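Here is what each chain is made of, one letter per residue.
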Amino acid sequence: MGLDSDTQRWAQQIGQKIREHRKAQGLTLDGLSRISGATVPTLSHIERGTRDVKLSTLVGLAKALRMEFPVLLAASGSVDTEQSTPTVDGYDLDDD
């Protein structure tokens, strides 16, 4: 089962950030696997943005990479604020 486009976009951005931090610290996938407890195949999927990852896994990876969790979630690209405001038919969720 594939990821929807929004989930895939975020997964790719977060995966890229994990890869950049891993490489900057001189870690291989195997090394990060040993530190974080995530398997190498799982890490590979995460870095490529092809897996919907549990929050606990992301927290563990941020800790293993010695980075603050909000930094991991801060996307490297800009987010379209027009699309990030949720709406429901007949409701404007921005109004009180």
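In what follows, the structure referred to is the one given above.
So, here's what we can say about the structure.

### Examining the layout of surface pockets
Its boundaries defined by the atoms lining it, the largest pocket holds a volume of some 150 Å³. Lining the largest pocket are Thr7, Trp10, Ala11, Ile14, Ile46, Gly49, Arg51, Asp52, Val53 and Leu58. Of all the elements, helix α1 (residues 5-24) adds the most residues to the lining of the largest pocket, at 4 residues.

### Quick notes on unusual backbone geometry
Unlike most non-glycine residues, Arg66 shows phi in positive territory, near 55 degrees. For Arg66, the position within the fold is in the loop between α4 (55-64) and α5 (69-73).

### Quick word on the pattern of salt bridges
One pass over the full model with this rule turns up 4 salt bridges. One salt bridge connects Arg9 with Asp6, and the closest N-O pair in it is separated by 3.7 Å. Of this pair, Arg9 and Asp6 both sit in helix α1, 3 residues apart, which is roughly one turn of that helix. Given a relative accessible area of 26%, Arg9 falls into the partly exposed group. Look at Asp6 and you get partly exposed, because its relative accessible area is 41%. Close ionic contact of Asp30 with Arg34 constitutes a salt bridge, the shortest N to O distance being 2.7 Å. Placement of both Asp30 and Arg34 in helix α2 (residues 29-36) is noted, with a separation of 4 residues, approximately one turn of the helix. The exposed category is assigned to Arg34, whose relative accessible area is 66%. Taken together, the shared-partner salt bridges in this structure form one network comprising Arg19, Arg22 and Glu47.

The rules behind these values
- Residues numbered from 1 in each chain as written.
- Predicted model: local features only at pLDDT ≥ 70, side-chain atom pairs only at ≥ 80, totals over all residues.
- Heavy atoms only, no water.
- 1 Å grid on protein atoms, 1.4 Å probe; cavity = no way out; pocket = protein on both sides within 12 Å on 5 of 7 lines; lining within 4 Å.
- Points joined across faces, edges and corners; volume = space filled by probe spheres on them.
- Helix = DSSP H or I, 4+ residues; strand = E, 2+ residues; numbered from the N terminus.
- Salt bridge = Lys/Arg side-chain N within 4 Å of Asp/Glu carboxyl O.
- Buried < 20%, exposed > 50% of the residue type's maximum accessible area, 1.4 Å probe, protein only.

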